[in-house]
Structure formats: C-alpha cells, structure tokens
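As a plain string of letters, each chain reads:
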Amino acid sequence: QVQLVESGGGLVQAGGSLRLSCAASGRTFGSLYMGWFRQAPGKEREFVARISRSGGSTYVTDSVKGRFTISRDNAKNTVYLQMNSLKPEDTAVYYCAANDVSPSVVPAPYEYRYWGQGTQVTVSS
C-alpha cells in the first residue's frame, strides 16, 4: 500500500508563490507515476500536472502552463509542485496521486490508485 502525505499549502496573495510537497512511502518511489490534482468548492476534481517515473517527462494543464512546475526527487521519495504567479482561481484543495501504470496524457482521477489527504491552497486577491 502506498501512503502519500502532502504539505506546503497555505494562504498567499495573488502573484505569490507556494511549493507543495508530497512524500510517499510503502513502495519504491521510482516505480510510481505521480500527479497533482485540485478541487475547488462545488467543482469536480481536476488534473493539474503529472510526471513520469524518472522525472524526464512532465505535463501540466493549460490553465497553469508557464506558472506551475512539477518535479520529483526519487532519492527523497518526494514529488513537488512549484506554483508561481498564483491567481485567486487557483484556490482549491490540492491532492497528490500515484499509480503503478502510466496514465493518459490528460488523466482523469480514476486513473490514479493512490491519493493523499489534500492540502488547502488559498489565493487572496
């Protein structure tokens, strides 16, 4: 069983930055495909970014392209989401996700088997 624990959320003003971390345990981290999703109040959970097992391939959704970067450190069993130029519409609970099988280019939540508990990100205007 894979356990995922997110951290790094908080309250930030528009234009500010945050870095989310997700620490994984219970499996060889380098064998996992990792992703970040977010869910705003009253909305469905949406894909934000994903990264391959080696970290050599990444993809972010269009709404955060140029502002968010996903990365991983397999030696530290951790995946990161660097968020810059934050906007009020980025406000959501951010979830880390992991899977044993490579997801699609723009994955749906059901494509990830393991989930963290989420961390709140609030961007004030």
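Preceding this paragraph is the structure being described.
Student: Could you clarify how one ought to interpret the packing of aromatic side chains in this entry?
Tutor: By the definition in use, this model includes six aromatic pairs. Taking 6.2 Å as the distance between ring centres and 20° as the angle between the ring planes, the aromatic pair formed by Phe 47 and Tyr 59 counts as stacked. Here the residue Phe 47 occupies a position in strand 5 (residues 46-51), and Tyr 59 occupies one in strand 6 (residues 58-60), the gap between them amounting to 12 residues. Exposure remark for Phe 47: the relative accessible area of 6% places this residue in the buried category. Here the aromatic cluster, defined as three or more aromatic residues joined through ring pairs, consists of Phe 37, Phe 47, Tyr 59, Tyr 95, Tyr 112 and Trp 115. Note that Arg 45 overlies the ring of Trp 115, its terminal NZ or CZ placed 4.8 Å from the centroid. Above the face of the Phe 29 ring, Arg 72 is positioned so that its terminal group lies 4.3 Å from the ring centre.

Student: Explanation requested: the nonpolar core in the structure shown.
Tutor: A general trend in soluble globular proteins is that nonpolar side chains are found buried together. Core analysis: the largest hydrophobic core is formed by 29 residues, its most contacted members being Leu 4, Met 34, Trp 36, Val 79, Leu 81, Met 83 and Tyr 94. Only strand 3 (18-25), strand 4 (33-39), strand 5, strand 7 (68-73), strand 8 (78-83), strand 9 (92-99) and strand 11 (119-124) provide two or more residues apiece to this core. Apart from the residues lying within four places of it in its own chain, the contact partners of Val 79 are Leu 20, Ser 21, Cys 22, Phe 29, Met 34, Trp 36, Ile 51, Ile 70, Ser 71, Arg 72 and Cys 96.

Student: Can you help me understand the sheet that holds strand 1 (residues 3-7) in this one?
Tutor: Backbone hydrogen bonds hold the strands of a sheet together, and the pairing may be parallel or antiparallel. On the basis of which strands lie adjacent, the open sheet formed by four strands has the order 1-3-8-7 and antiparallel pairing. Each edge of the sheet is formed by a strand with only one pairing partner; in this case those strands are strand 1 and strand 7. Sheet twist, expressed as the average angle between the axes of neighbouring strands with direction ignored, equals 15°. Strand direction decides the pairing type here: strand 3 and strand 8, joined by six bridges, are antiparallel.

Student: Please clarify how unusual backbone geometry should be interpreted in this entry.
Tutor: Backbone geometry follows two general trends: most residues other than glycine have a negative phi, and most peptide bonds adopt the trans configuration. Even without being a glycine, Asn 77 presents a positive backbone phi close to 55°. Within the secondary structure layout, Asn 77 lies in the loop between strand 7 and strand 8. In this structure Asn 77 comes out as partly exposed when scored by relative accessible area, which is 30%. A positive phi angle, near 50°, is found at Ser 85, a position not held by glycine. Inspection of the secondary structure puts Ser 85 in the loop between strand 8 and strand 9.

Student: Just to check I follow, could you spell out the pattern of salt bridges for this structure?
Tutor: As a working rule, side chains carrying opposite charge can pair if their charged atoms are close by. All chains considered together, the criterion is met by five salt bridges. Two residues, Arg 38 and Glu 46, come together in a salt bridge whose shortest N-O distance is 2.6 Å. Its relative accessible area of 6% is what places Arg 38 among the buried residues. The closest approach of N and O atoms between Asp 90 and Arg 67, which form a salt bridge, is 2.7 Å. With a gap of 23 residues between them, Asp 90 in the loop between strand 8 and strand 9 and Arg 67 in the loop between strand 6 and strand 7 connect regions that are remote in the sequence. For the residue pair Asp 90 and Arg 67, the accessibility class agrees, reading buried in each case. Within the structure, one salt-bridge network assembled from shared partners comprises Arg 38, Glu 46, Arg 67 and Asp 90.

Reading the values: rules and limits
- In this convention, every chain numbers its residues from 1, walking through the sequence in written order.
- Given that this is a predicted model, residues contribute local features only at a pLDDT of at least 70 and side-chain atom pairs are listed and counted only at 80 or more, while totals for whole chains, interfaces and linings are drawn from all residues.
- Heavy atoms from the whole structure form the basis of all side-chain values; hydrogens and water molecules are not counted.
- Here a pair means two rings of Phe, Tyr or Trp (six-membered ring of Trp) with centres within 6.5 Å. Their orientation is stacked below 30 degrees between planes, edge-to-face above 60, and tilted elsewhere.
- By the criteria applied, helices consist of DSSP H or I runs no shorter than four residues and strands consist of E runs no shorter than two, each listed in order from the N terminus.
- Buried, partly exposed and exposed residues are distinguished by accessible area as a fraction of the type maximum, computed with a 1.4 Å probe on protein chains only: under 20%, between the cut-offs, and over 50%, respectively.
- For a lysine, the NZ atom is tested; for an arginine, the CZ atom; a charge sits over a ring if that atom is within 6 Å of the ring centre and within 35 degrees of the ring normal.
- To qualify as a nonpolar core, a set must consist of buried Ala, Val, Leu, Ile, Met, Phe, Trp, Tyr and Cys residues joined through side-chain atoms within 4.5 Å.
- For this analysis, residues touch if any pair of their heavy atoms sits within 4.5 Å.
- Two strands are said to pair when DSSP picks up at least two bridges between them.
- For helices, the fitted line uses only the C-alpha atoms of the stretch in contact; every axis is such a line through C-alpha atoms, and the angle between N-to-C directions lies from 0 to 180 degrees.
- Should a side-chain nitrogen of Lys or Arg be within 4 Å of a carboxyl oxygen of Asp or Glu, the pair is scored as a salt bridge.

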